Amino acid sequence: MHLFRETFLLFLLNMLDAMLTLVWVRTGTATEANHLMAGLLEIGDYTFFLAKLGMGTITALVILKFGYKRIAKPLVSFALAIYIGLMGIHLLTGLAAFGLISESFFHNLGFWSRSIFAVSF
């Protein structure tokens, strides 16, 4: 099977994202930025989780079916990079939730990222 390991990792990251999102939202630490998923969260935790896993399953099946195509590997690599970055955001959220990072850190991070993007573009 083409891209099986990468697809499995992507699915696991999707599942971890769903679980961490539930923890952060239900503890009041963060909000869901995706409006569609926020609506599902309002309906209920199981609805949100099943929808998230359902999308991950469909994505995994499509990747496994068409993983032999030349475009598949760069797209899966891109998706993994996005999810790994998202895990970094979850890590920062967790550190902030436990008081290990101050709020000023996020303000400074926002300032520097805006400055870097302004210079880059």
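Below or above, wherever it landed, is the structure these notes cover. The numbering scheme is per chain: residues are counted from 1 as the chain's sequence reads. Selection of residues for local features in this predicted model requires a pLDDT of at least 70, selection of side-chain atom pairs for listing and counting requires 80 or more, and totals for whole chains, interfaces and linings are taken over all residues. Processing note: side-chain calculations cover all non-hydrogen atoms of the structure and skip hydrogens and water entirely.

1. Quick look at the overall build of the protein
The helix and strand inventory of the protein stands at five helices and zero strands. The helix and strand labels rest on DSSP assignments: H or I over at least four residues marks a helix, E over at least two residues marks a strand, and numbering proceeds from the N terminus. In the protein, the succession of α and β elements from N to C terminus is α-α-α-α-α. In terms of overall dimensions, the protein has C-alpha extents of about 45 × 40 × 25 Å along its principal axes. Between buried and exposed lies partly exposed: a residue is buried under 20% and exposed over 50% of the maximum accessible area for its type, with that area taken using a 1.4 Å probe on protein chains only. The buried share of the protein, taken over its 121 residues, is 27%. Nonlocal contacts in the protein, meaning residues at least 24 apart in sequence, comprise 67% of its contacts between residues at least 6 apart. Only the protein chains shown count as cover for residues, with accessible areas throughout obtained via the Shrake-Rupley method and a probe of 1.4 Å. Counting every atom, the protein has about 8600 Å² of accessible surface; 72% of that belongs to carbon and sulfur. Positive residues here are Lys and Arg, negative ones are Asp and Glu, while His and the chain termini are left out of the count. The atoms used to mark charge sites are NZ of Lys, CZ of Arg, CG of Asp and CD of Glu. Between the mean site of the 8 positive side-chain charges and the mean site of the 6 negative ones, the protein shows a separation of 17 Å. Here, residues are in contact when the closest pair of their heavy atoms is within 4.5 Å.

2. Digging into helix α2 (residues 35-43)
Among all positions of α2, only Met 37, Ala 38, Leu 40 and Leu 41 are buried. The arc enclosing the buried residues of α2, seen along the axis, measures out at 160°, which places them on a common side. In α2, the exposed residues that point more than 90 degrees away from the buried face are His 35, Leu 36, Glu 42 and Ile 43. For α2, the elements touching its buried residues are α1 (4-26) and α3 (45-66). Counting of polar contacts relies on pairs of N or O atoms within 3.5 Å, with two restrictions inside protein: one atom must be capable of donating a hydrogen and the other of accepting it, and residues adjacent in sequence are counted only when both atoms are side-chain atoms. A side-chain oxygen of the first residue of α2 lies 2.9 Å from the backbone nitrogen of Leu 36; this N-cap is Asn 34. Regarding the arc, it is the one traced by the directions from the helix axis to the C-beta atoms.

3. As for the environment of Ala 97
Positionally, Ala 97 belongs in helix α4 (residues 72-97). A residue is classified by how much of its surface remains accessible, and Ala 97, at 39% relative accessible area, is partly exposed. Residues Ala 97 and Lys 65, spaced 32 residues apart in sequence, show a C-alpha to C-alpha distance of 40 Å. If near-sequence neighbours (up to four positions away) are discounted, Ala 97 is found in contact with Trp 24 and Thr 29.

Nothing here speaks to function; it is all geometry.
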